[in-house]
Amino acid sequence: MTSEIINKYLSNEASEQEVQALFDWIEASEENKQQFIKMKKIWALTTLTSDLSIETVPVIQMKPKNKIRSYLQYAAIFLVFLGLGTTFYLFNSKSETSKEIVLELGDGRMEYFSGKMQTTLLNDKGDLVAKKFPNQIIYFGKVQDEKVIYNTLSVPYGKRFKLKLSDGTVVSLNSGTTLRYPEQFGLNGNRNVYLTGEAFFEVAKDKMHPFIVHANQADIEVLGTTFNVSAYPENPTVNSTLIEGSIRMSEAINPSNAILLEPNQMATWQNNSKKLVLKEVDPAFYAAWTKGELAFKDTPFSTIAKIIQRTYDVEIINENSDLARQNFTGTIKISESSVENILDLLKRDTPFNYSIKQKTITITPIFHN
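First, a word on what this report is: a plain description of the structure on this page. (Residues numbered from 1 in each chain as written. Predicted model: local features only at pLDDT ≥ 70, side-chain atom pairs only at ≥ 80, totals over all residues. Heavy atoms only, no water.)

**A short note on the overall build of the protein chain**
Inference 1: Helix and strand content of the protein chain: eight helices and 24 strands.
Inference 2: Looking at the protein chain as a whole, 48% of its 369 residues are labelled buried.
Inference 3: Of all intrachain contacts in the protein chain linking residues separated by at least 6 positions in sequence, the fraction that spans at least 24 positions is 56%.
Inference 4: With an accessible surface of roughly 18,300 Å², the protein chain has 50% of that area assigned to carbon and sulfur atoms. (Helix = DSSP H or I, 4+ residues; strand = E, 2+ residues; numbered from the N terminus. Buried < 20%, exposed > 50% of the residue type's maximum accessible area, 1.4 Å probe, protein only. Contact = heavy atoms within 4.5 Å. Areas by Shrake-Rupley, 256 points an atom, 1.4 Å probe, with all protein chains shown as cover.)

The following block contains the structure:
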């Protein structure tokens with residue numbers, strides 16, 4: 001098997017006869033398979049663009065080329081195998097029991113978002129506080145005294161939600177996220193919100209009232225900017241990625257342990273070491289979920305599985321150590337892809353079996369006789 005045919009295949013230029021010949025050659029021996037994987041990794045690393053715009057799918061395909069192309073168009077998912085990890089992961093986490101978006105008001109009342117009804121939220125004086133839509137809430141105005149009432153919005157697995165706070169700040173909430181925030185901000189003091197999960201903030205400028213996101217053991221303070229915060233409770237880190245403006249990330253109980261971010265930087269708070277780490281990133285990658293996409297860049301399957309669980313409201317139990325060691329890069333259009341689409345494409349690169357029982361997916365190795 002010549003390198004020319006392999007390169008044609010990876011560039012999606014090989015004929016059906018060449019593709020079938022390539023598959024036969026790969027299956028002929030383990031040595032051939034490893035040689036192909038090595039060439040594929042080199043090809044992927046030399047053609048991968050920084051904006052994750054991947055036009056071909058260099059994975060081991062086991063069907064004729066024309067069927068592959070139609071399948072990928074249906075799946076709307078693009079993945080590239082890039083490397084190996086070292087750890088075996090088992091996932092057993094469950095999403096929240098409620099499958100609806102829930103708003104807990106400051107007085108303890110619970111409201112649920114379902115259907116297509118538009119409603120309003122009034123205070124005890126009958127004044128308009130907010131308009132509520134199926135996929136977002138828009139708040140208005142500020143209170144005139146020191147009393148600030150906090151509401152809590154919980155977004156379950158499988159859903160996303162948008163919130164416009166009373167100061168004009170827009171917050172996009174990802175699946176499996178809870179945000180505690182003032183129903184109306186007070187005229188004095190900071191603008192404090194409390195995040196568990198992931199949210200994208202477009203903060204309204206107000207130099208007199210700094211906006212502070214409290215996330216796990218870290219605080220993120222801004223005056224007016226655009227940034228993403230990921231602080232899921234199962235992760236030992238809090239990530240803050242700055243798109244525009246400037247932010248200060250610090251340890252909640254030790255504000256002097258802090259770091260300043262510039263655009264295109266991500267700060268990571270490490271719960272165990274109590275350290276803040278700064279690095280340059282492509283911010284579009286971390287904001288992709290706000291546009292209905294999942295973006296991976298050399299991401300281990302362990303992380304991908306957690307993201308799939310939150311996005312599609314499923315449970316994944318991975319018993320395949322080979323798959324657990326794989327890293328992937330690419331994008332998934334959430335509305336055009338199902339969990340089956342994603343798994344079927346993943347298994348073309350690293351063969352495995354999976355079964356689905358209700359919302360539990362069990363991934364197992366392929367045992368050869």
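**Structural notes on the side chain of Asn151**
Inference 1: Among the secondary structure elements, Asn151 is positioned in strand S7 (residues 150-155).
Inference 2: Of note is the side chain of Asn151, whose polar atom sits 3.0 Å from the backbone nitrogen of Gly106.
Inference 3: A distance of 3.2 Å separates the side chain of Asn151 from the side chain of Glu183, its partner in a polar contact.
Inference 4: Here Asn151 is in contact with Leu103, Glu104, Leu105, Gly106, Leu121, Tyr139, Leu179, Arg180, Tyr181 and Glu183, once residues within four sequence places are set aside. (Polar contact = N/O pair within 3.5 Å; in protein donor to acceptor, adjacent residues only side chain to side chain.)

**Re the pattern of salt bridges**
Pairs can form between side chains of opposite charge once their charged atoms are near each other.
Inference 1: As enumerated under the stated definition, the model contains seven salt bridges in all.
Inference 2: A salt bridge links Asp313 to Lys359, with the shortest nitrogen-to-oxygen separation between them at 2.8 Å. Taken together, the residues span a long stretch of sequence, with Asp313 in the loop between helix H6 (301-312) and strand S21 (315-318) and Lys359 in the loop between strand S23 (353-357) and strand S24 (360-364) at a distance of 46 residues.
Inference 3: The class for Lys359 is partly exposed, based on a relative accessible area of 42%. (Salt bridge = Lys/Arg side-chain N within 4 Å of Asp/Glu carboxyl O.)

**A closer look at helix H8 (residues 339-349)**
Side chains three or four residues apart in an α-helix point the same way, a direct result of the helix having 3.6 residues per turn.
Inference 1: Across the 11 residues of H8, eight count as buried, placing the element largely inside the fold.
Inference 2: Taken together, the buried positions of H8 are Val339, Asn341, Ile342, Leu343, Leu345, Leu346, Arg348 and Asp349.

**With respect to the packing of aromatic side chains**
Inference 1: For the structure shown, the criterion picks out seven aromatic pairs.
Inference 2: Of the aromatic side chains, those joined through ring pairs into one cluster are Phe185, Phe201, Phe211 and Phe227.
Inference 3: It is Arg180 that lies over the ring of Tyr150; its NZ or CZ is 4.3 Å from the centre.
Inference 4: Its guanidinium or amino end placed over the ring of Tyr194, Arg180 lies 5.4 Å from that ring's centre, counting from NZ or CZ. (Phe/Tyr/Trp six-rings, centres within 6.5 Å; stacked < 30°, edge-to-face > 60°. Lys NZ or Arg CZ within 6 Å of the ring centre and 35° of its normal.)

**Side note on the sheet that holds S24**
Inference 1: Strand order in the open sheet formed by three strands is S21-S24-S23, and the pairing between neighbours is mixed. The open sheet is flanked by S21 and S23, the only strands paired with a single partner. The average undirected angle you get between the axes of adjacent strands in this sheet is 15°.
Inference 2: Each of S21 and S24 is contacted by H6, which is oriented at about 155° to S21, the strand it contacts most.
Inference 3: Together, S23 and S24 form the strand contacts of H8, whose direction differs from that of S23 by roughly 165°. (Pairing = 2+ DSSP bridges. Axes fitted to C-alpha atoms, helices over the stretch in contact; angles between N-to-C directions.)

**A short note on a nonpolar patch on the surface**
Inference 1: Side chains of Leu122, Leu128 and Phe140 sit close together on the surface and give an oily, nonpolar patch of about 250 Å² of accessible area.
Inference 2: In this structure, Leu128 sits in strand S5 (residues 128-133).
Inference 3: On the basis of relative accessibility, which here comes to 39%, the residue Leu128 falls in the partly exposed class. (Patch = residues over 30% accessible without salt bridge, like charges linked within 9 Å, V, L, I, M, F, W, Y side chains within 5 Å.)

**A look at the pairing of S7**
Inference 1: In this structure, strand S2 (residues 101-104) lies alongside S7, joined through three bridges in antiparallel fashion. Across the sheet, residue Leu103 finds its bridge partner in S7, namely Leu153.
Inference 2: Note: S7 against strand S10 (residues 177-182), six bridges, orientation antiparallel. The residue bridging Ser154 from the neighbouring strand is Thr178, located in S10.

**Description of the packing of H6 against H8**
Inference 1: Running from N to C, H6 and H8 point in directions that differ by 165°, and their axes come no closer than 11 Å. Between H6 and H8, the angle is such that the two are roughly antiparallel. In the crossing of H6 with H8, the sense of the turn from one axis to the other is left-handed. Facing H6, whose interface residues are Phe301, Ile308 and Tyr312, H8 presents Val339, Ile342 and Leu346.
Inference 2: The class makeup of the residues in the contact of H6 with H8 is six nonpolar, no polar and no charged. (Parallel < 35°, antiparallel > 145°, perpendicular 65-115°, else oblique. Left-handed = near helix turned anticlockwise from the far one by under 90°. Nonpolar A, V, L, I, M, F, W, Y, C, P; charged D, E, K, R; others polar.)

**As for H6**
Inference 1: For H6, built from 12 residues, the straight-helix expectation of 16 Å at 1.5 Å per residue is met to within 8% by its first-to-last C-alpha distance of 16 Å.
Inference 2: Of all the 12 residues making up H6, 10 are buried; the element is thus mostly covered by neighbouring parts of the structure.
Inference 3: Residues of H6 that are buried include every one of Phe301, Ser302, Ile304, Ala305, Ile307, Ile308, Gln309, Arg310, Thr311 and Tyr312, and no others.
Inference 4: Against the buried residues of H6 lie strand S20 (293-300), S21, helix H7 (321-324), strand S22 (326-333), H8 and S24. (Expected span 1.5 Å × (residues − 1).)

**Brief notes about the environment of Arg191**
Inference 1: Residue position: Arg191 is located in strand S11 (residues 191-202).
Inference 2: The residues touching Arg191, leaving out its near neighbours within four places in the chain, are Asp167, Thr169, Phe185, Val203, Ala204, Lys205, Asp206, His209, Pro210, Phe211, Ile212 and Leu223.

**Looking at unusual backbone geometry**
Inference 1: Non-glycine residue Asn216 carries a positive phi angle of around 60°.
Inference 2: When you line up the elements, Asn216 lands in the loop between strand S12 (211-215) and strand S13 (218-222).
Inference 3: Taking relative accessible area as the criterion, Asn216 reaches 42% and is therefore assigned partly exposed.
Inference 4: Phi is positive for Asp313, close to 55°, though the residue is something other than glycine.
Inference 5: A residue is classified by how much of its surface remains accessible, and Asp313, at 9% relative accessible area, is buried.

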